[in-house]
Amino acid sequence: MLDLAIVGGGPAGLTAGLYATRGGLKNVVMFEKGMPGGQITQSSEIENYPGVSDVVSGIELMEKWPEQCQRFGLKHEMVEIQKISKDGDTFLLDTGSETVEAKSVLVCTGSNPRKAGLKGEEEFTGKGVSYCATCDGFFYKEKEVVVVGGGDTALEEALYLAKICSKVTLVHRRDGFRASPATIERVKENDKIELLLESTVEEIVGDKMGVTGVKVETKEGSVDVDAMGIFIFVGYDVNNSVLKNEGGFLCDVNNWGEVRVDLKMRTSVDGLFAAGDVREDAAKQVVCAAGDGATAALSAISYVEGH
Ligand code: FAD
Ligand code: NAP
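Residues numbered from 1 in each chain as written. Chains lettered and ligands numbered in written order. Predicted model: local features only at pLDDT ≥ 70, side-chain atom pairs only at ≥ 80, totals over all residues. Heavy atoms only, no water.

**Considering the pairing of strand β2 (residues 28-31)**
Burial along β2 is two-sided: the residues Val 28 and Met 30 and Val 29 and Phe 31 are all buried. Across 4 bridges, strand β1 (residues 2-7) lies against β2 in parallel orientation. Following the sheet pairing, Ala 5 is matched in β2 by Val 29. Regarding the hand of the β-α-β motif, the stretch spanning β1, helix α1 (residues 11-22) and β2 is right-handed. Pairing between β2 and strand β3 (residues 75-77): 3 bridges, direction parallel. (Buried < 20%, exposed > 50% of the residue type's maximum accessible area, 1.4 Å probe, protein only. Helix = DSSP H or I, 4+ residues; strand = E, 2+ residues; numbered from the N terminus. Pairing = 2+ DSSP bridges. Right-handed = clockwise from strand over helix to strand, strands pointing away.)

**Focus: the sheet that holds strand β13 (residues 210-218)**
Pairing is antiparallel across the open sheet formed by 3 strands, whose spatial order is β12-β13-β14. Since the sheet does not close on itself, it has two edges, and those belong to β12 (200-207) and β14 (221-226), each with one partner. In this sheet, neighbouring strand axes are inclined to one another by 25 degrees on average, regardless of whether the strands run parallel or antiparallel. Pairing of β13 with β14, which is carried by 6 bridges, proceeds in the antiparallel orientation. Each bridged residue has a counterpart across the sheet, and for Lys 215 the counterpart in β14 is Asp 224. (Axes fitted to C-alpha atoms, helices over the stretch in contact; angles between N-to-C directions.)

**Some points on the side chain of Glu 280**
Considering the arrangement of structural elements, one finds Glu 280 in the loop between β19 (272-274) and α7 (286-306). By relative accessible area, which is 17% here, Glu 280 ends up buried. Setting aside residues no more than four positions away along its own chain, Glu 280 makes contact with Asn 254, Glu 258, Val 259, Arg 260 and Val 261. (Contact = heavy atoms within 4.5 Å.)

**Section: the sheet that holds strand β9 (residues 144-148)**
Ordered in space as β8-β15-β9-β10-β11, the 5 strands form an open sheet in which the pairing is parallel. Of all the strands in the sheet, just β8 (129-130) and β11 (193-196) have a single pairing partner and so form its edges. By the bridge criterion, 4 bridges tie β9 to strand β15 (residues 229-232) in an arrangement that is parallel. Its bridge partner being in β15, Val 146 is matched across the sheet by Ile 230. Along the sheet, helix α5 (residues 152-162) makes contact with β9, β10 (167-171), β11 and β15, crossing β10 at roughly 165 degrees.

**Brief notes about empty space enclosed by the protein**
Gaps left between atoms are located by rolling a probe of water-molecule size over the structure's atoms. Evaluated as defined, the whole model comprises 1 cavity of 30 Å³ or more. Looking at the largest cavity, the residues that line it are Gly 276, Asp 277, Arg 279, Ala 282, Ala 283, Lys 284, Gln 285, Cys 288, Ala 289 and Asp 292. (1 Å grid on protein atoms, 1.4 Å probe; cavity = no way out; pocket = protein on both sides within 12 Å on 5 of 7 lines; lining within 4 Å. Points joined across faces, edges and corners; volume = space filled by probe spheres on them.)

**Comments concerning the domain arrangement of the chain**
Domain annotation of the chain identifies domain 1 (4-112 + 236-306) and domain 2 (115-232). Using only C-alpha atoms to locate each centre, domain 1 and domain 2 end up separated by 32 Å. At the interface, 6 residues of domain 1 touch 8 residues of domain 2. Of the roughly 530 Å² buried at the junction of domain 1 and domain 2 (both faces included), carbon and sulfur atoms supply 46%. The largest per-residue losses of area from domain 1 upon contact with domain 2 belong to Glu 47, Tyr 236 and Gln 285, which jointly make up 61% of the total buried on that side. (Domains from an automatic or database assignment. Buried area = accessible area lost by both parts, 1.4 Å probe.)

**A short note on the pairing of β11**
As judged from the 4 bridges shared by β10 and β11, these two strands associate in the parallel manner. Bridge assignment links Val 168 to a residue of β11, and that residue is Ile 193. Handedness of the β-α-β unit built from β10, helix α6 (residues 181-189) and β11 comes out right-handed.

**Structural notes on the nonpolar core**
Core analysis: the largest hydrophobic core is formed by 58 residues, its most contacted members being Ile 84, Leu 93 and Val 105. Looking at this core element by element, the count peaks at 9 residues for α7. Contact partners of Ile 84, with chain neighbours within four places excluded, come to Val 7, Phe 91, Leu 92, Leu 93, Val 105, Val 107, Val 242, Leu 243, Asn 245 and Leu 250. If you look at the next biggest cluster of nonpolar residues, it comprises 21 residues, including Val 147, Leu 155, Phe 177 and Phe 233. (Core = buried A, V, L, I, M, F, W, Y, C linked by side-chain atoms within 4.5 Å.)

**Quick notes on the state of the cysteines**
This model, assessed by the stated rule, comprises 1 disulfide. Across the disulfide, Cys 132 is cross-linked to Cys 135 (sulfur-sulfur distance 2.1 Å). Looking down the S-S bond of the Cys 132 and Cys 135 bridge, the torsion is 70 degrees, so its handedness is right-handed. The exposure class of Cys 132 is buried, given its relative accessible area of 16%. For Cys 108, which is in no disulfide, the shortest distance to another cysteine sulfur is to Cys 69 and amounts to 11 Å. A relative accessible area of 6% places Cys 108 in the buried class. Left unpaired, Cys 165 is separated from the closest cysteine sulfur, that of Cys 132, by 13 Å. Judged by its relative accessible area of 0%, Cys 165 is buried. (Disulfide = S-S within 2.5 Å.)

Right, here's the structure in full:
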């Protein structure tokens with residue numbers, strides 16, 4: 001019987017592992033289907049992790065995290081958890097080949113930005129194509145960028161980018177947005193944001209240095225838009241499948257499948273916690289995921305001690 005099972009070994013899971021083991025929990029296992037580190041290891045440049053003043057790659061940033069956790073007794077199993085259920089006070093984790101029992105569980109499986117499937121998108125990912133304005137907006141200070149999408153995320157991120165960049169062209173395939181009316185109003189009033197509606201990106205173009213612009217199919221015909229950065233916000237896939245059971249989800253989730261938590265990262269189920277990008281209202285940043293992981297571990301310690 002584990003004291004705590006952690007599902008997911010990104011910044012949230014690793015930090016939770018550090019705090020849980022250092023805080024006195026004995027049997028703590030982090031189940032991570034790949035190498036620990038999480039999705040940040042796909043990034044080549046990070047300059048917003050506090051205390052790390054050099055620009056580092058995601059792999060460099062995460063390199064020492066597993067080693068630090070393991071020093072305090074965290075065990076890593078390279079296993080993809082299939083399903084989590086609860087029987088009385090005991091959680092059951094299905095690994096596909098066996099069932100692991102745990103007193104408490106922390107889910108930190110993250111979420112992934114969806115790809116738009118645009119020509120050139122894959123080729124230029126990390127070379128001008130980005131899925132995170134908070135992460136990469138600053139690299140385009142006083143430069144022109146394009147935003148793709150028409151939901152709350154695209155419009156809010158367009159407003160964020162307009163504070164940093166010289167111009168934001170927002171390309172959306174319909175003339176109506178999915179975002180809240182107040183956000184739509186703010187976008188329309190912003191002088192730095194140009195709207196290309198009922199328009200689709202035909203191709204992201206660039207050279208060896210990276211993106212130089214996009215070809216956009218508008219109602220009036222094809223136009224070339226110069227831009228060094230293309231920000232794509234066409235929704236997220238929340239990695240919540242471990243919580244899905246026949247009758248629905250094990251705990252409360254919001255309309256988009258993000259796990260509902262309180263300020264202590266407690267879900268609606270006693271002893272089940274969630275942290276990082278998988279939870280609702282996540283800022284989707286490494287430092288925030290790590291903070292969530294620490295909070296969740298402290299909550300798990302007091303839950304296990306109380307039972
Ligand atoms: P994740 O990092 O997504 O980790 C979840 C882990 O769970 C993964 O390792 C996955 O393999 C594992 N997993 C999922 N399902 C299962 C399962 N069933 N069983 C076992 N394991 C499972 N943030 C910044 O702060 N600054 C940046 O500059 C920045 N740049 C970014 C650039 C890119 C290209 C990307 C993709 C993200 C960037 N981010 C950045 C965001 C940051 O990476 C995330 O906010 C952060 O990694 C979230 O941490 P997490 O632990 O919640 O989830
Ligand atoms: P979303 O609401 O699903 O919007 C995705 C947008 O991308 C849509 O406008 C969609 O166009 C467009 N799109 C999808 N696939 C595309 C493709 N292949 N090519 C071009 N465009 C494509 O996603 P989201 O904005 O990330 O928001 C997710 C949920 O979180 C939403 O329900 C949102 O309200 C919520 N959210 C809320 C807040 C807030 O309340 N402050 C902030 C952020 C997100 P169509 O419109 O034509 O389908």
